[in-house]
Amino acid sequence: MRKHASVFAVLVLLLAVVPLRAQSPTVSQSELSAIHQIREEGFDPKTSKIMEIISYLSDVYGPRLTNSPDIKEAAKWTTDKMNEWHLANVHLEPWTPFGRGWSNERTSVQVLSPRPFPLIAYAKAWTPGTDGPITAEAVFAPITKEEDFAKFKGQLKGKFALTAAIPESPERFDAQAHRYTDAELADLATQPVLAAQSGQEDRIAQFRATREFQLKVQKFLLDEGIACWIEPSRSDDGTVFVQQGGGRDKEKDPPAPCRVAVANENYGRIVRTLEKKFPVTMLVDVQNKFYDDDLNSFNIIGEIPGSDKAKADEVVMLGGHFDSWQAGTGATDNGAGSAVMLEAIRILKTTGVKMRRTVRIGLWTGEEEGLLGSRAYIKQHFGDPNTEDPATHLIKVTPEHAKLDAYYNIDNGTGKIRGVYLQGNEMVAPIFNAWMVPFHDLGMTTLTIRNTGGTDHLSYDAVGLPGFQFIQDPMDYDTRTHHSNMDVYERIQEPDMKQMAVIVASFVYLTANRDEMIPRKPLPKAVPVRQFP
Ligand SMILES: [Zn+2]
């Protein structure tokens, strides 16, 4: 028995040691001491700047709709700060074309009778206003199919039109904010093997048909001469999700009427009152401005030059989108990501930790309209996912493509980092696994081979460059803040923000000092049309 026990003990020892050996590369003592400095600078309330940055970006300069006067002022504040921190090569890099700018100057929406009450209401972007205060009747005109147009022809002139059904308000008991559980993270770490998907084309066709019908309704309402289109939001509890209602291209996009999104609870009350045959009178005063003088937008760039002559022309990037929608202040989407990246590069510069490669921040605009800023940047610098190189039959890339090491992105709200989406790049897993070890105590433990969509790392991935979005706790991002009037400073969690800035700064630091660049997936083939999920 004793002999068996000692053999068993040796086996256990071996098992315990072998995985540690297999886990190389590890983080070195000197790297750990740099990470210590980064943590001190990022966590100490006396030195952290992250809540000040996010407050300026949201409270003072938000919202930051692309090409609005707000975003231009926000960019000026940001580049001033970057210069104050002594970053190098700070500049706005123009890209074109985006389209005209838009801003909302005033929104006042009231029901006057039969019972007066104020509405929680927001103008849809790129729509015209009311041209002064208008008092008129509200009309419930449900238009869901072609035959409905005839029913309401000639009845809507000068009226406020409510065409949507009252959205459902299902009972809700779950907490709206959520952190990943251990079980959810374990599930996220597995690779799902999917069968061929069916029904995808049907869904796309259905989406197109709905969109086309919606444009028909819009044209009908405009031709009928309504005063304003009053629409419900998909959420509840006074939260209103609002995006655009008109187009940025004055020449090509169909014209839109005044369009206002209102809280479900307000919308429902008006419709139920009208259904009981009480006339409802409303007062609507919406002032919107268009800016046609400059149709171009910009990305915000700044650098810390590399300290090693042999590697300084290689670049590690960190970034996120700077623009937002207009109803809140763009605090979680994506003031949070912008503030994290700014704080991360400030920490790296202030601590003076040595970095062999050049580190570059890129804050993008036009993300909400289709990753436009980062796509333009990729095309200007690295390659075009839509153009084939005749020699290789793969996408055409620039010489700069060989020098971009990796890109790290934050754009999923205020929730802290729990891991990294590898975007299908297995080769990087052992590296990131080792780099996560110093952050296990901050809740970062999970790598997933899966892709995540919807934001600017995809622009890098599309040209075969290592672009990564971190796994973040969901919090109340999808339920409450993302694209809503509740996307505000109060939904920002300070400990999460600090954790993200420290981890991003450390990952950038480790990348910038690694002997080799981050391994890449093979260069993709050119795609005829940009396919961004
Ligand atoms: Zn976003």
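Source: prediction; values computed, not measured.

What counts and what doesn't
Residues numbered from 1 in each chain as written. Predicted model: local features only at pLDDT ≥ 70, side-chain atom pairs only at ≥ 80, totals over all residues. Heavy atoms only, no water. pLDDT = per-residue confidence, 0-100. Contact = heavy atoms within 4.5 Å. Helix = DSSP H or I, 4+ residues; strand = E, 2+ residues; numbered from the N terminus. Buried < 20%, exposed > 50% of the residue type's maximum accessible area, 1.4 Å probe, protein only. Polar contact = N/O pair within 3.5 Å; in protein donor to acceptor, adjacent residues only side chain to side chain. Disulfide = S-S within 2.5 Å. Salt bridge = Lys/Arg side-chain N within 4 Å of Asp/Glu carboxyl O. Core = buried A, V, L, I, M, F, W, Y, C linked by side-chain atoms within 4.5 Å. Donors = N, O, S within 2.8 Å, 3.2 Å for Na, K, Ca; no water. Tetrahedral: all angles 85-135°; square planar, octahedral: opposite > 155°, others 65-115°.

Caption draft 1: Highlighting the confidence of the model for the protein. Averaged over all residues, the pLDDT of the protein equals 93, while 94% of them reach at least 70. Across residues 11-23, where pLDDT falls below 50, the model places 2 contacts with residues more than four positions away in sequence or in other chains.

Caption draft 2: Main features of the side chain of Thr 511. Along the chain, Thr 511 falls in helix H14 (residues 494-513). Look at Thr 511 and you get buried, because its relative accessible area is 1%. Of the polar contacts made by the side chain of Thr 511, one reaches the side chain of Tyr 408; its length is 2.7 Å. Setting aside residues up to four positions removed in sequence, Thr 511 forms contacts with Val 316, Arg 357, Asp 405, Ala 406, Tyr 408, Trp 435 and Ile 518.

Caption draft 3: Just the state of the cysteines, in detail. This model, assessed by the stated rule, comprises 1 disulfide. Here Cys 228 connects covalently by a disulfide to Cys 258, the sulfurs 2.1 Å from one another. For the disulfide bridge between Cys 228 and Cys 258, the dihedral angle about the S-S bond is near -65°, and by the sign convention the bridge is left-handed. One end of the pair, Cys 228, is in strand S7 (residues 228-232); the other, Cys 258, is in the loop between S7 and strand S8 (259-262), with 30 residues separating them in the sequence. Accessibility classification places Cys 228 together with Cys 258 in one group, the buried group.

Caption draft 4: Region of the structure containing the pattern of salt bridges. Scanning the entire structure with this criterion turns up 30 salt bridges. For Glu 41, the salt bridge goes to Arg 346, with nearest N and O atoms at 2.9 Å. Taken together, the residues Glu 41 in helix H2 (residues 29-43) and Arg 346 in helix H9 (residues 331-351) connect sequence positions 305 residues apart. Taking the relative accessible area as the measure of exposure, Glu 41 reaches 13% and is therefore buried.

Caption draft 5: Geometry of the nonpolar core. Residues Tyr 408, Phe 432 and Phe 507 are the most contacted members of the largest nonpolar core, which totals 73 residues. Looking at this core element by element, the count peaks at 12 residues for H14. Counting residues in hydrophobic clusters, the runner-up holds 32 residues, among them Ala 121, Ala 136, Leu 162 and Met 282.

Caption draft 6: Focus on the coordination of the zinc ion. The coordination sphere of the zinc ion, as far as protein atoms go, consists of His 321 (NE2), Asp 333 (OD), Asp 411 (OD) and Asp 411 (OD), spread over 1.9 to 2.6 Å. Each of the 4 donor atoms bound to the zinc ion contributes to angles spanning 51 to 143°, and the resulting shape is irregular. Mapping the donors of the zinc ion onto the primary sequence yields the spacing H-x11-D-x77-D. Highlighted residues: Asp 333 in helix H9 and Asp 411 in the loop between strand S15 (404-409) and strand S16 (417-421), separated in sequence by 78 residues. We note that Asp 333, like Asp 411, is buried.

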